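Architecture at a glance
Below, each chain spelled out in residue letters.
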Amino acid sequence: MKASQLFIPTLREVPSEAEIISHRLMLRGGFVRKLAAGVYSYLPLGLRVHQKIANIVREEMNAIGGQELFMPVLVPKELLDESGRSSVDVLFPLKDKNQRDFFLGFTHEEVVTDIVRSYVTSWKQLPLTLYQIQTKFRDEARPRGGLIRGREFTMKDSYSFDFDEEGLDRSFQSHRAAYERIFVRCGLEYLVIDADSGAIGGSQSNEFMVLAESGEDTVLLCDSCGYAANAEKAGIGRVESRESGVVSRESRVEGTGQPTVGAVAVQSKIQNPKSKTVSTPGAHTVAQVCEFLSVDPTQLIKTIIVTAGGTPRGTPVAALVRGDRELNLAKLAAFLQMGPVEMADAVVVQRVTGAPVGFAGPVGLTGVRIVADYELQGTSDLVVGANENDAHRVGVTPEVDFAVSDWADIRVAIAGDPCVQAGCTGHYTEAHGIEVGHIFKLGTKYSRDMKAQVQLETGENRDVIMGCYGLGISRTMASAIEAHHDADGIIWPAGIAPFEAVIIPVNMKDEAQCSAATTLYADLQSRGVEALLDDRDERSGVKFKDADLIGYPVKIVIGRGLAEGNVEVGLRRDKSSTEAVPVAEAAAHIATLVNRLKT
Ligand code: ATP
Ligand code: MG
């Protein structure tokens, strides 16, 4: 391709609305153009990168037996009603002429399950993996960072269908391996981390994270065993302080200590002389109470009333965490196994505690289950809400002043917390990451709701076992820039660069330079190297700046060295790599170089 014929509207100014580097560089380099918040056009260069990523994804999905299909963007509301997802908050709703409700597709579990239930009836037709590469629509609360969080973005979504758990395991593992190859080919370093399965309650879910300062996700990494998890998910290894001062350590094993559903704390009858109610007028936040009583947040218990199993009719539960900690609703939901868990509204709080929000406490709280974070075990002399307006209780000791129904790991893990892996003595460190892919064992959530069944060899019917696997094509494009750039611009990994090499004749008026450039360009094309010939009538300084900004992996400069029969070949990622190569050998040399960069 010749630069003079290509639409590359580079910008000299950094657009002010662009907060993160990939967004700035994509706008400056003429890759994308914003139309509305979270809505972008791909200009020719941007589209080339997008297509390269999509092709890598397609090749690797085909290699694991995935079959590409293409599902509609318009999804009738009734279909989402079947799975209970028609009220998901990121949906874009619309109506047709006849007032029929539709949504723009935000992910396609329901649509693909509808296809499968119509045609697949026997175990013999499984396993089956279907995928598509398509625009998705999500009315994100905070679209940001250009392609990182769009409201219209491209996703590869695949869905596996199996008739037993072993089949699902295989489908999941082959997707995981395919994702690893995809991100390697895209030149990305990634981490595969343990992720929250969310309300769907699937048994396993992994996220692929690209570590970057601008990442919105917090990743916790064990400094000893290498375990990594999303902070939304990370379990906390147990450290129990004993009175002797000896600290013993045990790991919490997933799924142990499940409580009996509905168990409610029976209030202790033992009297604690230190425990008394004090007036704390107007103090309802942790900070206000701490200031008023001159105590540290670690000396306070936050009592959070939640409802489990869906508002407004969910069951109220009191969750207790230390004053300086955050309750992790997902962990609590996983522990309770009663469906989604949400913060209770003011009406429920008043009904359960007899007091307005901000004064809930476990002492004297009856009729609700009290789930306390492990960290509070063995603590004493704490401040809690008094279940009265403008009052708190001081000198409170768990299991003395109130009974705990269940002890559990329910707080958000942070850097410094002990690793959850059995036998590991390491601690978490924190990093920021961008989620580029998410693979998920769904189980029978959709097949059960939507009656997608197959007949087994035994004649028995069973719900199809599903996995779903998302990969953000547009987000991967932005993440590659977040991971690979310098002060001058983008440094594209060769596998996804818009062009693999750029040829720059320094002086367009010099016939020898122009003709050497044209010959080399043709030679590279015949060798399968995607080269761009910068034949624009511009100063060489402008061309060099643009080449750095756009980030072609290999730059070939045809200038004064030509008099001695040489061209200059250099790598974008390492400017000290520039070497003089004889014109006659240049094409072969560059082709080898490009191939090496891609592997
Ligand atoms: P997030 O937590 O970032 O909102 P998600 O968990 O809702 O994402 P999934 O439903 O798992 O996203 O989507 C699969 C993949 O699609 C993600 O791993 C990500 O790469 C991509 N993706 C999701 N939402 C967006 C978005 N708004 N813009 C760009 N890519 C997205
Ligand atoms: Mg996700």
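What comes next concerns the included structure. (Residues numbered from 1 in each chain as written. Chains lettered and ligands numbered in written order. Predicted model: local features only at pLDDT ≥ 70, side-chain atom pairs only at ≥ 80, totals over all residues. Heavy atoms only, no water.)

1. Digging into the overall build of the protein chain
Along the protein chain, the regular secondary structure elements total 13 helices and 33 strands. Principal-axis analysis of the C-alpha atoms gives the protein chain an extent of 100 × 65 × 50 Å. In the protein chain, buried positions account for 52% of the 599 residues. With an accessible surface of roughly 26800 Å², the protein chain has 50% of that area assigned to carbon and sulfur atoms. (Helix = DSSP H or I, 4+ residues; strand = E, 2+ residues; numbered from the N terminus. Buried < 20%, exposed > 50% of the residue type's maximum accessible area, 1.4 Å probe, protein only. Areas by Shrake-Rupley, 256 points an atom, 1.4 Å probe, with all protein chains shown as cover.)

2. Notes on the site of ligand 1
Residues in close proximity to ligand 1 total 15 residues, the closest being Glu140, Arg149, Gly150, Glu435 and Val436. Between ligand 1 and Ile148, the relevant distance is 3.4 Å, taken from a nitrogen atom to a main-chain nitrogen or oxygen of the residue. In this structure, Glu435 approaches ligand 1 through a side-chain N or O atom, which is 2.5 Å from an oxygen atom. Elements with a minimum of two residues in the shell around ligand 1: β8 (152-162), β23 (428-443) and β26 (465-472). Broken down by element, the residue count for the shell around ligand 1 peaks at 4 residues, all from β23. (Near = heavy atom within 4 Å. Polar contact = N/O pair within 3.5 Å; in protein donor to acceptor, adjacent residues only side chain to side chain.)

3. Some words on the coordination of the magnesium ion (ligand 2)
A four-donor tetrahedral metal ideally has 109.5 degree angles, and a six-donor octahedral metal ideally has angles of 90 or 180 degrees. Looking at the magnesium ion (ligand 2), one finds its protein donor set to be Glu435 (OE) and His438 (ND1), positioned 2.2 to 2.6 Å from the metal centre. On the accessibility criterion, Glu435 (21% relative accessible area) is partly exposed. (Donors = N, O, S within 2.8 Å, 3.2 Å for Na, K, Ca; no water.)

4. Description of the side chain of Asp548
Relative to the helices and strands, Asp548 is located in helix α12 (residues 540-550). Here the side chain of Asp548 touches Lys575 through a polar contact of 3.1 Å, side chain to side chain. Not counting residues within four places of it along the chain, the set of residues in contact with Asp548 comprises Asp488, Gly489, Ile490, Lys555, Arg572 and Lys575. (Contact = heavy atoms within 4.5 Å.)

5. Thoughts on the sheet that holds strand β31 (residues 554-558)
The strands that make up a sheet pair up through hydrogen bonds in the backbone, lying either parallel or antiparallel. The strand order across the open sheet formed by 5 strands is β30-β29-β31-β32-β33, and the pairing between neighbours is mixed. Both outer strands of the open sheet, β30 (531-533) and β33 (574-582), are each paired with one neighbouring strand and no more. Across the sheet, the mean angle separating the axes of adjacent strands is 20 degrees when strand polarity is ignored. Sheet topology places β31 next to strand β32 (residues 566-571); 4 bridges connect them, and they run antiparallel. Residue Lys555 lies in a different strand from β32, and its bridge partner there is Gly570. Packing of helix α13 (residues 583-598) onto the sheet brings it into contact with β31, β32 and β33, and relative to β33 it is tilted by some 145 degrees. (Pairing = 2+ DSSP bridges. Axes fitted to C-alpha atoms, helices over the stretch in contact; angles between N-to-C directions.)

6. Brief notes about the pattern of salt bridges
One pass over the structure, following the stated rule, counts 40 salt bridges. For the salt bridge of Glu530 with Arg48, the shortest nitrogen-to-oxygen distance reads 3.5 Å. Residue Glu530 is found in the loop between α11 (511-526) and β30, and its partner Arg48 is found in helix α2 (residues 44-63); the two are separated by 482 residues along the sequence. A relative accessible area of 27% places Glu530 in the partly exposed class. Residue classification places Arg48 among the partly exposed residues on the basis of a relative accessible area of 23%. Two residues, Lys95 and Asp101, come together in a salt bridge whose shortest N-O distance is 2.7 Å. Owing to a relative accessible area of 27%, Asp101 belongs among the partly exposed residues under this scheme. Here the salt bridges share partners, and the residues they tie into one network are Arg322, Asp324, Arg325, Asp373, Glu375, Arg411 and Asp417. (Salt bridge = Lys/Arg side-chain N within 4 Å of Asp/Glu carboxyl O.)

7. Concerning the sheet that holds strand β21 (residues 391-396)
Across the sheet, 3 strands lie side by side as β15-β21-β20; this open sheet has antiparallel pairing. Because the sheet does not close on itself, it has two edges, and the strands there are β15 (276-279) and β20 (382-385). The mean inter-strand angle of the sheet, taken between neighbouring strand axes irrespective of direction, is 35 degrees. Where β20 meets β21, 3 bridges bridge the pair, whose relative direction is antiparallel. Each residue of the ladder has a partner; that of Leu382, found in β21, is Val396.

8. Section: the side chain of Asn272
Mapped onto the secondary structure, Asn272 falls in the loop between β14 (247-250) and β15. Judged by its relative accessible area of 13%, Asn272 falls in the buried class. Only 2.9 Å separates the side chain of Asn272 from the backbone oxygen of Gly395, close enough to count as a polar contact. Here the side chain of Asn272 touches Asp401 through a polar contact of 2.8 Å, side chain to side chain.

9. Quick look at the packing of aromatic side chains
All told, the structure shown has 9 aromatic pairs when counted by the stated rule. Ring plane angle 55 degrees and centroid distance 5.6 Å describe the contact between Phe31 and Trp492, whose orientation is recorded as tilted. Separated by 461 residues along the polypeptide, Phe31 in the loop between α1 (21-28) and β1 (32-36) and Trp492 in the loop between β28 (489-490) and β29 (501-505) bring together distant segments of the chain. On the basis of an interplanar angle of 35 degrees and a centroid distance of 5.6 Å, the ring pair of Phe183 and Phe208 is categorised as tilted. Of this pair, Phe183 sits in helix α5 (residues 165-185) while Phe208 sits in strand β10 (residues 204-211); the two residues are 25 residues apart in sequence, bridging distant segments of the chain. Residue class for Phe183 comes out buried when judged on its relative accessible area of 0%. On the basis of relative accessibility, which here comes to 0%, the residue Phe208 falls in the buried class. Its guanidinium or amino end placed over the ring of Tyr446, Lys445 lies 5.3 Å from that ring's centre, counting from NZ or CZ. (Phe/Tyr/Trp six-rings, centres within 6.5 Å; stacked < 30°, edge-to-face > 60°. Lys NZ or Arg CZ within 6 Å of the ring centre and 35° of its normal.)

10. A short note on the nonpolar core
Ranked by internal contacts, the top residues of the largest apolar core, which has 55 residues, are Phe31 and Trp492. The biggest single contributor to this core is α2, with 7 residues. Once residues lying within four places of it in the same chain are set aside, the contact partners of Phe31 are Leu25, Met26, Ser41, Tyr42, Leu43, Leu45, Gly46, Val49, Ile490, Trp492, Pro498 and Ile550. (Core = buried A, V, L, I, M, F, W, Y, C linked by side-chain atoms within 4.5 Å.)

11. Concerning α11
Taking 1.5 Å per residue as the helical rise, α11 with its 16 residues ought to reach 22 Å, and the 23 Å between its terminal C-alpha atoms agrees with that figure. Those residues of α11 that sit buried are Gln513, Cys514, Ala516, Ala517, Leu520, Tyr521 and Leu524. All buried residues of α11 lie within an arc of 165 degrees about the axis, which places them on one face of the element. What points out from α11, more than 90 degrees from its buried face, is the exposed set Glu511, Thr519 and Ser526. Where α11 begins, one side-chain oxygen reaches toward the backbone nitrogen of Ala512, 3.0 Å away; that side chain belongs to Asp510. (Expected span 1.5 Å × (residues − 1). Arc of directions from axis to C-beta.)

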